[in-house]
Structure formats: C-alpha cells, structure tokens
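Fold and contact review
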Amino acid sequence: MPFPYWPGKVSQILEKKERAPFYFAVPVWGKDYVDVFVHTALAAQLSPNNLPKLPNLRDCRYHIYTTKSDETVINASPAYRRLSSLIPVKIYYIDSDFSEIGNISSSINRYEMKSACYRHSMSIAAKVGAVNVFLNADVVLADGFLKRCVEIIATGKRVIEVVGPRAVQKSVETILHERFRAEDGIAISASFKQLASIWVDHIHPMALIHLWKGNRTAPFHPSHLYWRVGKRSVLIRCFHIYPIVFLPRQGNASFRGTIDDDLVANTYPHFRDIYVATDSDELFCLELSAEGHTAGTPVERGNLRSVIDFYRGYGKLRNFKLLSYRIRISGGDEEPSAWRRAERLSDWLVFRIYCVTVVMSFRLFITARLRRLLGHLRNMVIGRTSR
C-alpha cells in the first residue's frame, strides 16, 4: 500500500533539497551483527564528513531495529552515546507484540524481517518528505559518503545506488581500528581511496566468485561481473545493485520483496532519477562478512547461455540496463590503458549478453505467435471437417 502523501510538507522540502532531513533505518540483532555495528559500522558513520556533516541534523532521525537484549549492548557503547548526542535516535523492538513495528522475530527469513523494518521507517519518513537511508549493520561508509549523498540529492536525484562489495570482516576491522580510529577513540575515518584500497587487499571469497575470468569449475555468480585492473583496482558490471539512499516521489513507495529487488523499479522506471555510483573516488562503501560466509553459485563461469538464462529468470528490464554502467573501484593509480582494456572486455561481454537476449526473446515471441496461428488453423480445419 502506498504511503500517505503530505503535499505541503513535501513541496516545502523539495524547494530546498539540500535541507531535506535524512531518516536512517538500521536493522541489527544478534551478537555478531551488534558487535560489528557498534565497533565499526556506526563508528565510520560518525566520521567528520558523515553524520556530523548533515544539514538540519536535529531534523534527521536514526531508527534502530533490534531485540530487547541487544538494546542493552547498543546503549552501552560509546558510539551509540555519541550518535544520540548528534541526532534523535529511536529504538524499535522486533521481538515485542507491543512495539510499534510488532513482533517480527518469528519470521524464518531474515530478509523479510529487514524488509519489514525498512517499510516501517519509510512510512515515518514519508510523513515529512524525508530521504531514506537504508543501512545494513555491517556496512562501512568511507568518510564523506553522507556529505556526498546530500550533494547528489540536492541536484534532483532521488535514488543513490551502490555496489557495496564484500570484504573479509576480521582483517578489515583490525586495519580500521588500528590505523583509522580518530583521536576521540570512537569515530573511524577512512577516505574513499583508502577504503577502496583496503577492499582490494581484503576481497571476500564471496566477491571473488564474481570474477569473469578464472577457472571454469570454480564457484561463480553473475549478479556482479568483475575484471581485475592492474594490481589494485577492479572494474564491475552489476545486474543487481543496492539502493542505499531513496526519496520517494509524492510519498508513494512500495515493494514486495527486498529493497534491492523491486523498490526502485516500482517507483522510478527511468534512470534520470537515479544516481549509480560508478567511481569509488566519488562514493564508496563496503560490506563486512565473516570469511566463511558463502552464497549459491547458480551458473558456470564463462558459459554465456547459462548466465543469460539466470538473468532472464531472475531479473527485469531494469537489471539489464544496469549492466551498461561501468563501475570503477580504484584501490591504486592504474594506467588509463589498463582501464580501457578492462572496459573493452566488459563492453564486449555486455554487448553479447544484450544480443543473445534479444535473439532469444524474439525467438520465443515468434514461437508463441506460430503456436497461436497453428492452433487457430487447426480449429478451422476441425470446424470444417465436422460440418
């Protein structure tokens, strides 16, 4: 159901887009996620050019969705106390029938639980025309990420989508805590280039399964396609991408699955409203995962037909359009020729994907039409014979 539209408030905010309040939603429960949230992810949000840089900070809101027991740990952390001094924070229990969101902890699907949290936060943000920021508890923002998001929204864009590639949690956390902790002992501040460089050095095995070139028998997943560029950079094409910032038009936003599934497709069919982060020097964040974290590997590396079958079965036209974006993750200073070489290889692959997909779609269209025609002729013959 679309969220209510508040014309006066929305129009006032859109007249001064740079002053639109940001409403954050963070689902976080379970010891491991709470720990990474309070010690690393939230600490990075507190860097000088992130939360402290937001305009109208006291008009912004920070919504945390957690359990009663996990709230105790969150409240006791220095990062949370710093957060509460900057921005109004509201904690919602996911395991209480009496909370505003209700008891959703009985759901067996954690993605459904997270979606329920995001929907609740969106309904609150819609009342004041606020910008939604959807954060996972293990996402680390580079310093300047939120400042840049404010600037992008001020240009008229309504969605900001990022790759947010996975990194090995333990090693990255160690580096961030030892080398990038601020003098206050709370905030973590790593620039776009620094964080991208850390990611390149500590790419998670789940991210490596996106490499297009490699052993054909090794695990492969085509939701992202990676090419190495030089020694310290990666070029990415995305069939699937994450909408980390979202401002609905006229308050009407809805989705059935997850926010990175159909939220943007349902609301903004045209890419003119969307900013896709294509350069890590402009906008970058990463996601931390334990090294043993795994995902399915539905297709064979290098098998174009199986990749396209996966795309056709899973995605929409919007997903195919996303493949046209070249996304640079620059961990070093690679030669322009190295980038051009990787881009040519990725362009050729995407071109082949588009061509084969069109041919397959046309073949299916013709086949369906022929079947209908043959069925019609058969009925005509049977009708004449029976007279």
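One pass over the structure, following the stated rule, counts 19 salt bridges. One salt bridge in this structure joins Lys147 and Glu151, with 3.1 Å as the shortest N-O distance. Linking Lys147 with Glu151, this pair stays in helix H6 (residues 145-154), spanning four residues, or about one helical turn. On the accessibility criterion, Lys147 (32% relative accessible area) is partly exposed. The class of Glu151 is partly exposed, set by a relative accessible area of 35%. With a closest N to O distance of 3.4 Å, Arg216 and Glu300 form a salt bridge. You can see Arg216 sitting in the loop between helix H9 (205-208) and strand E8 (224-229) and its partner Glu300 sitting in the loop between strand E12 (285-289) and helix H11 (304-314), a full 84 residues away along the chain. For Arg216, a relative accessible area of 45% translates into the label partly exposed. Here the residues in one salt-bridge network are Arg237, Arg326, Arg328, Glu343 and Asp347, joined through shared partners.

Counting buried positions over the five residues of strand E10 (residues 242-246) gives five, a clear majority of the element. Where strand E4 (residues 131-134) and E10 come together, two bridges link them in antiparallel fashion. When the sheet's bridge partners are listed, Asn132 is paired in E10 with Phe246.

Turning our eyes to something else, we now look at the environment of Phe239. Among the structural elements, Phe239 can be located in the loop between strand E9 (233-238) and E10. Given the relative accessible area of 1%, Phe239 is considered buried. Taking the C-alpha atoms as reference, Phe239 lies 5.1 Å from Ser223; in sequence the two are 16 residues apart.

Considering the arrangement of structural elements, one finds Glu291 in the loop between E12 and H11. It is 7.9 Å that separates the C-alpha atoms of Glu291 and Lys170, two residues lying 121 residues apart in sequence.

Strand order in the open sheet made by the three strands is E8-E9-E13, with antiparallel pairing throughout. Sheet topology places E8 and strand E13 (327-330) at the edges, where each strand pairs with a single neighbour. With direction set aside, neighbouring strand axes in the sheet form an average angle of 25 degrees. Relative to E13, helix H8 (residues 192-201) is tilted by about 90 degrees, and along the sheet it contacts E8, E9 and E13.

Definitions and limits used
Residues numbered from 1 in each chain as written. Predicted model: local features only at pLDDT ≥ 70, side-chain atom pairs only at ≥ 80, totals over all residues. Heavy atoms only, no water. Salt bridge = Lys/Arg side-chain N within 4 Å of Asp/Glu carboxyl O. Helix = DSSP H or I, 4+ residues; strand = E, 2+ residues; numbered from the N terminus. Buried < 20%, exposed > 50% of the residue type's maximum accessible area, 1.4 Å probe, protein only. Pairing = 2+ DSSP bridges. Axes fitted to C-alpha atoms, helices over the stretch in contact; angles between N-to-C directions. Contact = heavy atoms within 4.5 Å.

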